[in-house]
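# Structure at a glance
Listed here are the chains, written in short residue letters.
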Amino acid sequence: MAISPTTWNPADKGYNVTLSNGNLTTAYANYTQNRVRAVTGVTTGKWYWEVTLDSADDGCRPMLGATARTISVGSNTQEAGELYVGTGGFAPGDVFGVAFDADAGTIDITRNGVARASVSGLTISGPWHPSCGGYDY
């Protein structure tokens, strides 16, 4: 099954998210209300997507994955399928790979090809959409 390319959803993001480049680029300068979800979601099969870091400060705390829940403008809640991938040491050009297996209920994330985070045991009922943001602290 082929999935059409997707973009970040301007109607499904926190209020500190700015979208640009035809909704392909997301930016935020605050670690609250900074998540965004993609337009396209799936309930079955295997998905893979990549996120390239354009810039980051020393305290950069990326959170990537997928979520079934709509991201409300005021939401700060991290979902079970969104994984915190660490703090600091990130550089422009870093590529995060996200492998989502809806049938197995797993998400695996790599940074520059090296395993970074994973989760299993997710219950997939309804479409799950790629998501990203910064870890709220």
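Here's what I pulled together on the structure shown here.

Basis of the calculations
- Residues numbered from 1 in each chain as written.
- Predicted model: local features only at pLDDT ≥ 70, side-chain atom pairs only at ≥ 80, totals over all residues.
- Heavy atoms only, no water.
- Core = buried A, V, L, I, M, F, W, Y, C linked by side-chain atoms within 4.5 Å.
- Buried < 20%, exposed > 50% of the residue type's maximum accessible area, 1.4 Å probe, protein only.
- Contact = heavy atoms within 4.5 Å.
- Helix = DSSP H or I, 4+ residues; strand = E, 2+ residues; numbered from the N terminus.
- Pairing = 2+ DSSP bridges.
- Axes fitted to C-alpha atoms, helices over the stretch in contact; angles between N-to-C directions.
- Phe/Tyr/Trp six-rings, centres within 6.5 Å; stacked < 30°, edge-to-face > 60°.
- Salt bridge = Lys/Arg side-chain N within 4 Å of Asp/Glu carboxyl O.

## What to know about the nonpolar core
- Judged by nonpolar contacts, the single largest core of 27 residues is most densely connected at Trp49, Leu64, Phe100, Ile107 and Ile109.
- Sequence-distant contacts of leucine 64, that is, excluding residues within four places in its chain, are made with Val51, Gly81, Glu82, Leu83, Phe96, Val98, Ile109, Ser131 and Cys132.

## What to know about the pairing of strand S8 (residues 95–101)
- Among the seven residues that make up S8, five are buried, leaving the element largely enclosed by the rest of the structure.
- Strand direction decides the pairing type here: strand S5 (residues 46–52) and S8, joined by seven bridges, are antiparallel. Counted as the bridge partner of tryptophan 49 is valine 98 from S8.
- Across six bridges, S8 lies against strand S9 (residues 106–111) in antiparallel orientation. Bridge pairing in S9 places phenylalanine 100 opposite isoleucine 107.
- The hairpin turn running from S8 into S9, its antiparallel successor, is four residues long, and glycine 105 in that turn takes a positive phi close to 70 degrees.

## Re the sheet that holds S9
- Taken together, four strands build an open sheet; the order of strands is S5-S8-S9-S10 and the sheet is antiparallel. Sheet topology places S5 and strand S10 (114–119) at the edges, where each strand pairs with a single neighbour. Adjacent strand axes in the sheet meet at a mean angle of 20 degrees when their direction is disregarded.

## Quick notes on the environment of glycine 134
- With respect to the helices and strands, the residue glycine 134 is situated in strand S11 (residues 129–134).
- As a C-alpha pair, glycine 134 and asparagine 34 span 100 residues in sequence and 6.4 Å in three-dimensional space.

## Notes on the packing of aromatic side chains
- Applying the stated criterion across every chain yields a total of three aromatic pairs.
- Judged by centre distance (6.0 Å) and plane angle (25 degrees), the ring pair of phenylalanine 100 and tryptophan 128 falls under stacked. In this pair, phenylalanine 100 sits in strand S8 while tryptophan 128 sits in the loop between S10 and S11, placing the two residues 28 residues apart along the sequence.
- We classify phenylalanine 100 as buried; its relative accessible area is 1%.

## Some points on the pattern of salt bridges
- Across all of its chains, the model carries three salt bridges by this definition.
- Of the charged contacts, one joins glutamate 82 and arginine 35 as a salt bridge, the two residues approaching to 3.1 Å between their closest N and O atoms. Placement of the pair is glutamate 82 in strand S7 (residues 82–84) and arginine 35 in the loop between strand S3 (25–27) and strand S4 (36–38), with a sequence separation of 47 residues. Both residues of the pair, glutamate 82 and arginine 35, belong to the buried class.
- Note that aspartate 94 is salt-bridged to arginine 111, the shortest N-O span being 2.9 Å.

## With respect to the environment of alanine 38
- The residue alanine 38 is located in strand S4 in this model.
- Alanine 38 sits 14 residues away from leucine 24 along the chain, and the two C-alpha atoms are 9.5 Å apart.
- Among all residues touching alanine 38, those that are not within four sequence positions of it are Thr6, Thr7, Trp8, Asn9, His129 and Pro130.

## Let's talk about the sheet that holds S11
- Ordered in space as S1-S4-S11-S6-S7, the five strands form an open sheet in which the pairing is antiparallel. The strands lining the two open edges of the sheet, one partner per strand, are strand S1 (8–13) and S7. Each strand axis lies, on average, 30 degrees off the axis of its neighbour in the sheet, ignoring direction.

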